[in-house]
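# Report on the structure
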Amino acid sequence: MRGQIRIAIIGAGLTGLRLAQRLAEKADVTVFEKSRGFGGRMSTRRAGLFEFDHGAQFFTARTKCFQDFLIPYLKAGIVAEWHPRLTDLNGGASPAWDRPHFVAVPGMTALAKAMAEEVLVHRETRIAALHAHDNKWNLRFVEGGMSGSFDWIISTAPGEQSADLIPRTAVFFDTLHAARMHGCYALMLGYDKAPRIDWDVAIPPSGPISWIASNHSKPGRSDAVSILCHSRNEWADAHLDDDQETVKNELCATFETLSGIAVGKASYVSLHRWRYAKTVKPADAPFMIDRSKKLAVAGDWCGAGRVETAFESANALADAILEEIQDTSGNG
């Protein structure tokens, strides 16, 4: 019966929000998010008229389950297909995509915002530690104070961050502790006077930059020229702790060389560092769970790192916990 089980979910990205949607069928669910917004790496940075999806650039829908999930959001205009002009800046054949690519509208965070309307989310709430007491769990907040008691704790934070919270006695701790993710840099350039660009997406085959997109080419965006560059993950890993101004200057110089567009004419230049951006080695399962301690972790980092992987991880863990709740309650 609803209300008998209390579940705390750490993280309001797609995994956390999808878990909350599913688990609310049988439990009281509360989501705790450390930042002001929703979506995790499905993030949007706004600076005046400039808009940058500085995390996930798009998502695909390979499975029927995810396709069905997207239908109401497509109908509502919260998700739309993106048809960018692709190019090879080295003069080779332009790449082609073999399946539809989708974006949230008017920014990548919009899908998570829509999902969050259905669940209780405490934002700007950082979790410092978990405490067990009388077969229940309490959360201690960085800002001070403790939560009420929960039956289950689920972390959807990146593996390294989840490992800082999950007790070492959890059966999956060693596997979790070994999880690693690549970093990534996002370089954001805004132009008041539009440079000449005859492409929307460029995918350089080598060098520090792996992706360049005219963010304003996406559906529902401002017309202000907003260019987003992602670094190559391995390059980011090698420079994560470098002086950030030096990193920005190198990426700017690389962008100029690749595109022929002067960074000096940009009216907005900013760099964002993602320490946890892409899975190094996927886990052997879409989630990890300790049924006796009622602890679990999930996220896109358990699999291929795609947006759809985050959704699949949430669904798989929700199935397992809903079955557990049914078994322990004796209700069918």
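Here goes a summary of the coordinates provided. Computed from a predicted model, the values in this text were never measured in an experiment.

Below, the discussion takes up the overall build of the chain. On a plain count of helices and strands, the chain comes out with eight helices and 18 strands. A compact globule built from 332 residues should have a C-alpha radius of gyration of about 20 Å, and the chain, at 21 Å, falls within 12% of that. If one aligns the C-alpha atoms of the chain with their principal axes, the spans along those axes are about 65 × 45 × 35 Å. Relative to its full complement of 332 residues, the chain shows a buried share of 55%. In the chain, 68% of the contacts between residues at least 6 apart in sequence involve partners at least 24 apart. In the structure as shown, the chain presents an accessible area of about 15200 Å², 48% of it carried by carbon and sulfur atoms. Side chains of the chain carry 37 positive and 39 negative charges; the gap between the two charge centres is 2 Å.

Let us look at unusual backbone geometry. Generally, phi is negative for residues other than glycine and the peptide bonds are trans, each holding for most cases. For the bond running from Val105 to Pro106, omega is 10°, close enough to zero to count as cis. In this fold, Pro106 is placed in the loop between β7 (102-104) and α3 (110-116). A positive phi is found at Asn135, a non-glycine position, where the angle reads about 60°. Among the secondary structure elements, Asn135 is positioned in the loop between β9 (127-133) and β10 (136-141).

Moving on to the sheet that holds strand β14 (residues 209-214). The strand order across the open sheet built from six strands is β6-β13-β14-β15-β12-β16, with neighbouring strands paired in mixed fashion. Of all strands in the sheet, those bounded by a partner on one side alone are β6 (86-87) and β16 (268-279). With nine bridges connecting them, strand β12 (residues 181-191) and β16 associate as antiparallel partners. Residue Met181 lies in a different strand from β16, and its bridge partner there is Thr279. Relative to β12, helix α7 (residues 244-259) is tilted by about 65°, and along the sheet it contacts β12, β14, β15 (225-231) and β16.

Further remarks concern helix α1 (residues 14-23). Across the ten residues of α1, ten count as buried, placing the element largely inside the fold. Buried within α1 we find Leu14, Thr15, Gly16, Leu17, Arg18, Leu19, Ala20, Gln21, Arg22 and Leu23.

With respect to the helices, strands and loops of the structure, Ser292 is situated in the loop between β17 (287-290) and β18 (295-298). Among the residues examined, Ser292 registers a relative accessible area of 61% and is labelled exposed. Within the structure, the side chain of Ser292 is placed 2.8 Å from the side chain of Asp290, a separation counted as a polar contact.

So, about the pattern of salt bridges. Taken as a whole and assessed by the stated rule, the structure comprises 13 salt bridges. Between Lys64 and Asp68 there is a salt bridge, with the nearest N and O atoms lying 2.7 Å from each other. With a gap of four residues between them, Lys64 and Asp68 both fall in helix α2 (residues 64-75), about one helical turn apart. Residue Asp68 is classed as partly exposed on the basis of its relative accessible area, which comes to 37%. Here Arg275 ties to Asp241 by a salt bridge, and the two come within 2.7 Å at their closest N and O atoms. In this pair, Arg275 is assigned in strand β16 and Asp241 in the loop between α6 (233-239) and α7, connecting sequence segments 34 residues apart. Since its relative accessible area comes to 63%, Asp241 is described here as exposed. Here the salt bridges share partners, and the residues they tie into one network are Arg22, Glu25 and Asp319.

In this structure, Ile7, Leu23 and Phe59 are the most contacted members of the largest nonpolar core, which totals 66 residues. The dominant element in this core, judged by the number of residues it contributes, is helix α8 (residues 307-329), at ten residues. Ignoring sequence-local partners within four residues, the contact set of Phe59 consists of Met42, Phe66, Leu70, Val79, Pro100, His101, Phe102, Val103, Ala104, Met108, Leu111 and Val307. Membership of the second largest hydrophobic core comes to 24 residues, among which are Phe150, Ile153, Ala163 and Phe172.

The rules behind the values
- Residues numbered from 1 in each chain as written.
- Predicted model: local features only at pLDDT ≥ 70, side-chain atom pairs only at ≥ 80, totals over all residues.
- Heavy atoms only, no water.
- Helix = DSSP H or I, 4+ residues; strand = E, 2+ residues; numbered from the N terminus.
- Rg over C-alpha atoms; globule rule 2.2 N^0.38 Å.
- Buried < 20%, exposed > 50% of the residue type's maximum accessible area, 1.4 Å probe, protein only.
- Contact = heavy atoms within 4.5 Å.
- Areas by Shrake-Rupley, 256 points an atom, 1.4 Å probe, with all protein chains shown as cover.
- Lys, Arg positive; Asp, Glu negative; His and termini not counted.
- Charge placed at Lys NZ, Arg CZ, Asp CG, Glu CD.
- Pairing = 2+ DSSP bridges.
- Axes fitted to C-alpha atoms, helices over the stretch in contact; angles between N-to-C directions.
- Polar contact = N/O pair within 3.5 Å; in protein donor to acceptor, adjacent residues only side chain to side chain.
- Salt bridge = Lys/Arg side-chain N within 4 Å of Asp/Glu carboxyl O.
- Core = buried A, V, L, I, M, F, W, Y, C linked by side-chain atoms within 4.5 Å.

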